[in-house]
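# Coordinate inspection notes
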Amino acid sequence: MKLFYGLLLLCFYSQVSLAQHSFQVIVKDQNTQAPLIGVSVLIPELQLGGATNYNGKASITNIPEGTYTLKIQYLGYQTQSFRQVIPTVQTTPLTIYLKENEEKMEEVIVTSTRSSRTIEDIPTRVEVIAGEELAEKGNMKPGNIRMLLNESTGIQTQQTSATSFNSGIRIQGLDGKYTQLLRDGLPLYSGYSGGLSLMQIAPLDLKQVEVIKGASSTLYGGGAIAGLVNLISKTPEGKRSLDFMANGTSALGLDLSGFYSEKFGTIGTTVFASYNKGTAYDPADINLTAIPEFDRFTLNPKFFVYLNDLEMNVGFNYVTEDRLGGNMAYIEGDANSGYFENNTTDRLSTQLNAAYTLSEQSSLQLKNSISFFDRTITIPDYAFSGNQVSSFSEINYHRKTESTDWIFGLNLWTEDFTHEPFQNEENLSFQNTTVGAFAQNTWNMAEKWTLETGLRTDYQSDYGWFVLPKFSLLYEPTELLTLRTGGGLGYKTPSIFTEDSERLQFQHIQPIAINDTKAEESLGANMDINYKWPLKSTLGVTTNLMLFYTRIDDPLMLTPANNNTYEFTQPNGYLHTQGIEANMKLKYQNWKLFVGYTYADVDQHYNNTRTPYTLVSKHRLNNVLMYEKHENFWIGLEGYYYSPQKLSDGATGKSYWIVGIMTEKQFGDHFSIFLNFENFTDTRQTRFDTIYTGSIDNPQFRDIYAPVDGFVINGGFKIKL
């Protein structure tokens, strides 16, 4: 009997085994006939499935006999579903052709490299903050772009004043003076006007932010040793756009912004206006402002013309601000004396951009900006006042063929700074002019290889000639894998406008001895690998790893001199930064996870002695987890880690985390509300370290390496009409 049941059971399993079948399919693009990698092939009834490999082939095994629904889906393509009999009579895999969605995902066009290619096809590594990401980060600080940049891997915004919140940009650990901040490719925020720039730019009228790390001097000249940040403005679209934003904070701050754009046939316009107000705020209860009292007004209208062969826009930007930080009792009017720092600024700049189409392959472009900047810094018993008039002009010729992009251009920079010395202070006024010529070629040298080469020659009126070559190489062996490498030379002419000078409010600083100094010159290189993992359509993972190195010879340093003064010197040696940036972006259904890590090893090599550079977090983590539902509600948790930093007084700062929560809910297409809990762990330097020595009336400020404003709640609403 046991033998009978055993044979019966064996026959049953044999029948089941024989009833298990497999099915193979090859999926291709309908237009290009190219295999598609990572396509999901599913049988929903059986919860079986697979993903296509590099040949576009997928296999599903252990399928019982029957008729099932076969579902083929891939991001960016129309989903196909059909009934399939199993087993099939076919002896070869079934070939399926997918059609792209009519509403394609919007391509990101990068303008900073001048080639107008999509971000995937550019040899130079460019990071873009745009779309939802830009809107989400803009909600956190609607009054400025400081946080928007600080949350990016490899970028740290460095606060230079404990009381007035002045800040600069550091890329890969290098001082802010080595980074160029541009607006639509125009250098509007350099020199004296750069000290408060991050705090005076509201993000509502930005279309995207482009970041290039490493030497970027071929197209933009001196100063882009660490890299550049290019703020791209919104332009008129086919229909009217009218946006309003209102934001309030628990620190009694207020931000009101409005943006209007419309195109009327051959003309168009954009207008941006904002009002930003801050109230003196002292979360540490030490009688010093962590957030200063300020009032700022911004107006930026632009006018656009679209003719057959000519596109042109003209605009101006006006910003006026009064910013007062320091002793709370003095600022609130409860005391007649006390420490304070008052910044009054007026900024007016013009912009002209005209492009003329010569033929289908070539065009001519003219760019110009003129900037007027007036700023007065007042502290007890001292005032630093000056005005800067600077200009930038460029004409370039662009020719594009099937395999190459050429661009040739000429630049002219002028800078005129007039200082109004206080009492017996040294006069720091100066004038200089820079003339430059450049050429850049982007060549599709083979099917999977693209090479970009460039050469710039500049003549600077104080420091002579500079020749700056660069190259970038792109290799795309598959649609999933991208490799880039590049390098180049850069330079930075000596300037009194540095982070160290800002910390001193320019007090007791001696003029630069032009005959005894020379320009800082750099050599930089980087390499990165980007890989898109071929997983299911509901799960997407992208990883990126970048290695970087920059060496700067003869760096200019501000050092104490005789009679309580400071002078700029160039020690015998060099400064270098090296390290890695690693990023992972994961998307699963309604969830998004971003993890970024930066390792920055920045050292000074002076007189055969190697020392760590100050105010650099050698290890940084950027983590953001987002949940989005029905495309009208999202909530995010973010956490940022900073490792200990060496300070200029020889001490070492503490490591710390900053954790925040951000949310937004949309109601229809025209209204949304947002609420953010920034730094809800209340991480502050004043909780675990000091920010000054001496008395409250005559404080000697230490380096600011951690937040001073602590836990702040902000929220508001946005209206789109």
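Residues numbered from 1 in each chain as written. Predicted model: local features only at pLDDT ≥ 70, side-chain atom pairs only at ≥ 80, totals over all residues. Heavy atoms only, no water.

A count of helices and strands for the chain gives seven helices and 40 strands. By the compact-globule yardstick of 27 Å for 721 residues, the chain fits well, its C-alpha radius of gyration being 29 Å. Judged by the C-alpha coordinates and their principal axes, the chain covers about 110 × 60 × 60 Å. Out of the 721 residues belonging to the chain, those deemed buried represent 50%. Working note: accessible area of the chain is about 32500 Å², and carbon and sulfur atoms make up 56% of it. Measuring between centres, the 56 positive side-chain charges of the chain sit 8 Å from its 77 negative side-chain charges. (Helix = DSSP H or I, 4+ residues; strand = E, 2+ residues; numbered from the N terminus. Rg over C-alpha atoms; globule rule 2.2 N^0.38 Å. Buried < 20%, exposed > 50% of the residue type's maximum accessible area, 1.4 Å probe, protein only. Areas by Shrake-Rupley, 256 points an atom, 1.4 Å probe, with all protein chains shown as cover. Lys, Arg positive; Asp, Glu negative; His and termini not counted. Charge placed at Lys NZ, Arg CZ, Asp CG, Glu CD.)

Here the focus is the packing of aromatic side chains. What the rule picks out here adds up to 29 aromatic pairs. An angle of 5° between the planes, with centres 6.3 Å apart, marks the rings of phenylalanine 304 and tyrosine 306 as stacked. The exposure classification of phenylalanine 304 matches that of tyrosine 306, with both residues buried. Ring geometry for tyrosine 531 against tryptophan 533: centres 4.8 Å apart, planes inclined by 90°, an arrangement best described as edge-to-face. The exposure class of tyrosine 531 is buried, given its relative accessible area of 17%. Since its relative accessible area comes to 43%, tryptophan 533 is described here as partly exposed. Clustering of aromatic rings is evident, with ring pairs tying together Tyr192, Phe373, Phe384, Phe417, Phe430, Phe497 and Phe506. Its end group placed over the ring of phenylalanine 294, arginine 323 keeps NZ or CZ at 4.8 Å from the ring centre. The ring centre of phenylalanine 667 lies 5.8 Å from the NZ or CZ of lysine 665, which sits over that ring. (Phe/Tyr/Trp six-rings, centres within 6.5 Å; stacked < 30°, edge-to-face > 60°. Lys NZ or Arg CZ within 6 Å of the ring centre and 35° of its normal.)

On to the pairing of strand 33 (residues 609-612). Bridge count between strand 32 (residues 591-606) and strand 33: four bridges; the pairing is antiparallel. From the neighbouring strand, glutamine 604 faces strand 33, where its bridge partner is threonine 611. Linking strand 32 to strand 33, which pair antiparallel, is a turn of two residues; within it asparagine 607 sits at a positive phi near 50°. (Pairing = 2+ DSSP bridges.)

What follows is about the UniProt feature "domain: TonB-dependent receptor plug" (unreviewed entry) in the chain. UniProt records the feature "domain: TonB-dependent receptor plug" (unreviewed entry) at residues 119-227, using the numbering of this structure. Split by type, residues 119-227 is 17% helix and 26% strand. Its first and last C-alpha atoms lie 17 Å apart. (UniProt positions renumbered as here; feature names shortened; annotations may be inferred.)

Locating glycine 490 in the fold gives a position in strand 26 (residues 481-492). When its relative accessible area of 1% is taken as the criterion, glycine 490 is described as buried. Spatially, the C-alpha atom of glycine 490 lies 35 Å from that of valine 541, the residues being 51 residues apart in sequence. For glycine 490, the residues in contact, after removing those within four places along its chain, are Ser217, Ile225, Leu468, Glu520, Glu521 and Ser522. (Contact = heavy atoms within 4.5 Å.)

A separate point is the sheet that holds strand 11 (residues 179-183). For sheets, the rule is that strands pair by backbone hydrogen bonds, running either parallel or antiparallel. In space, the four strands of this open sheet follow the order 8-12-13-11, with mixed pairing throughout. Strands at the two margins of the open sheet, each flanked by one partner only, are strand 8 (127-130) and strand 11. Along the sheet, successive strands turn relative to each other by an average axial angle of 15°, direction set aside. Two elements, strand 12 (residues 206-213) and strand 13 (residues 227-233), share seven bridges in a ladder whose sense is antiparallel. The residue of strand 13 that forms the bridge with lysine 213 is glycine 227. Contacts between helix 2 (residues 131-140) and the sheet are confined to strand 8 and strand 12, with strand 8 contributing the most and set at about 65° to the helix. (Axes fitted to C-alpha atoms, helices over the stretch in contact; angles between N-to-C directions.)

Attention now moves to the environment of glutamate 426. Structurally, the position occupied by glutamate 426 is in the loop between strand 22 (404-420) and strand 23 (430-446). Each C-alpha atom of the pair glutamate 426 and glutamine 578 lies 38 Å from the other, and the pair is 152 residues apart in sequence. Apart from residues no more than four positions distant in its own chain, glutamate 426 is found in contact with His419, Pro421, Ile509, Gln510 and Pro511.

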